[in-house]
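Architecture at a glance
What follows is each chain in one-letter form.
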Amino acid sequence: MEKKTRIVATLGTKMGKNGRTVDNKQILTKLIQKGLNVIRLNFSHITQEKDRMEIKELVRIVREEINEELGTNVCFLQDLQGPKIRVGKMNTDIYVKDGDTIIITTHILDNTYEGKIPKIFCDYEYFCEDVEVGHSVFINDGYIEMRVKEKDMHKKEVTCSVINGGKISSHKGINLPQTLVKAASLTPDDENDLHFGIEVLKVEWVAISFVKTGADIIDLRNKINDISRNAKQDCPKIIAKIETPEALKNIDSIIKETDAIMVARGDLAVETPLYNVPILQKEMIKKCNANGKAVIVATQMLESMITNPRPTRAEVSDVANAVLDGADAVMLSGETSATDALYHVEVVETMAKIIQHTEQNLSDTKINGVEIRSNIYNKIQKYPDFSTESRSNDELVRGACIIAKEINATKIIATSRSGYTGLRIAIHRPECDIFIFSENRFVVKMLNLIWGINTFYIQKRGDSLESTFDIIRKKLLDEKKAKTGEKVVFITDSFLVTEKIKGFCDTIKIEKI
């Protein structure tokens with residue numbers, strides 16, 4: 001049984017014994033063979049031209065060599081840095097204790113100390129304007145907590161009292177959970193990276209950091225459309241990273257405008273009370289499932305495997321629960337990208353085994369007498385009572401999923417030029433396999449992020465519905481993806497005369513292969 005929940009892994013320019021990803025095609029191949037579906041490129045750490053060139057080569061190796069050799073469709077996710085607030089470059093690390101006083105300034109410093117009070121530089125120019133007395137300031141993923149005592153706008157300095165001390169070093173992240181940050185979600189650096197991602201890398205997905213409202217998604221989509229149009233490229237889909245209280249407050253408008261969300265538990269657990277995160281995760285997954293939007297669960301899923309060959313029991317449960325909650329994908333970060341990561345292949349293999357075991361056991365009606373199938377499979381969605389342009393297509397897809405369930409079909413097979421039909425099938429979480437055939441190579445790869453979808457490229461459809469089915473049947477049998485006699489449900493459209501027409505599906509066909 002192939003897993004339905006997808007694996008996203010962060011890969012950088014350094015990996016493996018030789019120290020460079022581009023020198024390690026063998027490792028990349030093993031990662032994909034073990035279950036990697038999507039490669040995340042973290043542009044917080046791709047800042048130099050040499051990094052860009054190495055990432056470009058990584059993308060080429062995967063697309064032109066490994067995907068072709070393995071018959072896979074691994075796609076790429078460009079994760080934009082966004083307005084991440086960080087400690088600036090320091091000439092020496094400093095250690096602060098509970099009760100100490102520290103000054104945070106937006107003036108570049110020559111010295112970390114001025115008298116007995118340490119100073120650190122913050123790279124966010126509006127830091128002094130945005131924070132208020134009494135606000136909390138967290139550094140290094142929340143390990144260091146401070147509270148603002150006073151601020152001096154003339155000197156551009158904020159004086160803080162240390163609540164929980166520790167070591168502060170260069171470039172550590174700063175979180176302001178009580179502060180309304182003015183910075184736009186898309187920075188000038190992000191726009192520059194976006195051009196590179198679309199024009200050069202031709203990424204299938206773009207993630208935007210520190211989203212505040214649905215308007216941020218609209219702004220990004222407009223920029224993506226403009227760049228893609230000028231570059232004559234397909235438009236990548238958008239992932240909104242949910243990391244702040246403001247994003248949670250506007251979650252419905254964000255889900256409405258985006259194509260997917262990422263439950264970014266790292267910053268979220270600093271920006272909101274830590275104990276809220278599991279419930280927030282479940283609520284966001286439920287909302288995305290109901291609205292037909294993909295959802296990724298991220299951060300520290302198997303973090304102990306950066307330096308250990310086996311995960312903790314808690315980590316195994318964390319991955320399994322994300323599957324049970326209904327996530328489309330689970331993500332590895334430092335586990336595959338940290339410079340001290342030792343078990344790149346093993347961590348992907350472990351995550352795949354957890355997913356497969358969880359999904360396989362849930363294919364039974366009951367476990368230990370308890371009905372659990374509804375936790376993951378056959379979540380047939382009921383659409384809102386209003387008419388949209390795609391309503392007839394959506395209802396046809398919904399009907400096909402119901403039929404497949406009732407007749408115990410082994411597969412739902414569909415054609416899709418834009419990927420829309422595949423996305424709509426996946427939201428119903430059918431227990432049978434989902435196979436999507438498309439003439440668009442971009443769509444074939446883009447859908448690799450989505451729960452349960454297996455994609456296939458076909459150069460051209462037939463000149464009739466039956467000849468199109470013949471092409472699909474032959475490909476499935478030739479690649480041993482189907483067996484003679486299997487009961488399947490076909491979904492397609494009848495716009496076969498010209499590829500310029502992008503119609504919605506209007507045909508369901510039940511047959512045995």
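Everything discussed here concerns the structure shown above.
No experiment lies behind these values; they were computed from the predicted model shown. Residue positions are counted from 1 within each chain, in the order its sequence is given. Only residues with pLDDT of 70 or above have their local features reported here, since the model is predicted, and side-chain atom pairs are shown and tallied only from 80 upward, although totals for entire chains, interfaces and linings are computed over all residues. Side-chain measures were taken over the full set of non-hydrogen atoms in the model, leaving aside hydrogen atoms and water.

**Describing the overall build of the protein chain**
Strands are runs of DSSP state E lasting at least two residues, helices are runs of H or I lasting at least four, and both sets are numbered from the N terminus onward. Counting secondary structure elements, the protein chain contains 16 helices and 24 strands. Every radius of gyration here is taken over C-alpha atoms, with the globule rule written as 2.2 Å times N^0.38, N being the number of residues. A globule of 513 residues ought to have a C-alpha radius of gyration of about 24 Å, and the protein chain, at 24 Å, matches this closely. When its C-alpha atoms are laid out on the principal axes, the protein chain stretches across 80 × 50 × 50 Å. Here the protein chain holds 513 residues, and the buried ones make up 55% of them. Partitioning the intrachain contacts of the protein chain with sequence separation of at least 6 by distance along the chain shows that 68% fall at a separation of at least 24. Surface accessibility of the protein chain: about 23000 Å² in total, with carbon and sulfur atoms responsible for 49%. In summary, the charge assignment counts Lys and Arg as positive and Asp and Glu as negative, without counting His or the chain termini. The atoms used to mark charge sites are NZ of Lys, CZ of Arg, CG of Asp and CD of Glu. Computing the positive centroid from 73 side-chain charges and the negative centroid from 74, the protein chain places the two 4 Å apart. The buried label applies to any residue whose accessible area, calculated with a 1.4 Å probe on protein chains only, is under 20% of its type's maximum; exposed applies above 50%, and partly exposed to all values in between. The criterion used for residue contact is that any of the two residues' heavy atoms lie within 4.5 Å. To be clear on the numbers: accessible area is Shrake-Rupley with a 1.4 Å probe, and residue cover counts the displayed protein chains and nothing else.

**Observations concerning the pattern of salt bridges**
Each reported salt bridge corresponds to a side-chain nitrogen of Lys or Arg within 4 Å of a carboxyl oxygen of Asp or Glu. Scanning the model with the defined rule gives 43 salt bridges in all. A salt bridge links Asp193 to Arg52; the shortest N-O distance between them is 2.7 Å. Taken together, the positions of Asp193 in helix H4 (residues 188–201) and Arg52 in helix H2 (residues 49–70) put the pair 141 residues apart, joining distant regions of the chain. For Lys474, the salt bridge goes to Asp478, with nearest N and O atoms at 2.7 Å. Of this pair, Lys474 and Asp478 both sit in helix H16 (residues 465–478), four residues apart, which is roughly one turn of the helix. Where salt bridges share partners, they join Lys25, Glu57, Arg60, Glu64, Glu65 and Glu69 into one cluster.

**Some remarks on the sheet that holds strand E21 (residues 433–438)**
Strand pairing is assigned whenever DSSP identifies at least 2 bridges connecting the two strands. Strand order in this open sheet of five strands is E22-E21-E20-E23-E24, and the pairing throughout is mixed. In the strand order of this sheet, the two ends are held by strand E22 (453–457) and strand E24 (507–512), each with one partner. Taking each pair of neighbouring strands and ignoring which way they run, the sheet shows an average axis angle of 20°. The sheet contact formed by E21 and E22 spans five bridges and is parallel. The residue bridging Ile436 from the neighbouring strand is Thr455, located in E22. Note on definitions: angles span 0 to 180 degrees between N-to-C directions of axes, and those axes are lines fitted to C-alpha atoms, for helices only across the stretch in contact.

**What to know about helix H9 (residues 277–291)**
In an α-helix, one full turn covers 3.6 residues, which means residues spaced three or four apart are oriented alike. Expected helix span is given by 1.5 Å per residue-to-residue step, counting one fewer step than there are residues. For H9, built from 15 residues, the straight-helix expectation of 21 Å at 1.5 Å per residue is met to within 8% by its first-to-last C-alpha distance of 21 Å. For H9, every residue scored as buried is listed here: Val277, Leu280, Gln281, Met284, Ile285, Cys288 and Asn289. Looking straight down H9, one finds that the buried residues subtend no more than 165° of arc, so they occupy a single side. A positive phi of about 70° marks Gly292, the residue just after H9. The arc in question is traced by the directions running from the helix axis to the C-beta atoms.

**Section: the packing of aromatic side chains**
Pairing of aromatic rings covers Phe, Tyr and Trp, the last counted by its six-membered ring, and requires centre-to-centre distances within 6.5 Å; plane angles under 30 degrees mean stacked, over 60 mean edge-to-face, and any other angle means tilted. The tally for this structure, following the rule as stated, stands at six aromatic pairs. Ring pairing ties together the aromatic residues Phe435, Phe437 and Phe456, which thus form one cluster. Placement of a charge over a ring requires the Lys NZ or Arg CZ to be within 6 Å of the ring centre, with the centre-to-atom vector within 35 degrees of the ring normal. Lying over the aromatic face of Phe196, Arg52 brings its terminal NZ or CZ to 4.5 Å of the ring centre. Positioned above the aromatic ring of Tyr457, the side-chain terminus of Arg441 is 3.7 Å from the ring centre.

**Regarding the sheet that holds strand E1 (residues 6–10)**
Read once around its circumference, the closed barrel built from eight strands follows the order E1-E2-E3-E13-E14-E15-E16-E17, with strand pairing classed as parallel. Strand-to-strand twist in this sheet, taken as the mean axis angle between neighbours without regard to direction, amounts to 25°. Two strands pair when backbone bridges link them, and E1 and strand E17 (residues 329–332) are joined in this way by four bridges, in the parallel orientation. By the bridge assignment, Ile7 is partnered in E17 with Val330.

**Some thoughts on unusual backbone geometry**
Residue Asn378 is not a glycine yet carries a positive backbone phi of 55°. Looking at the secondary structure, you find Asn378 in the loop between strand E19 (370–371) and helix H13 (391–406). The exposure class assigned to Asn378 is buried, which follows from its relative accessible area of 16%. Residues other than glycine seldom take positive phi values, yet Lys480 does so here, at roughly 55°. Checked against the element boundaries, Lys480 lands in the loop between H16 and strand E23 (487–492). Under the relative-accessibility criterion, Lys480 is labelled exposed at 73%.

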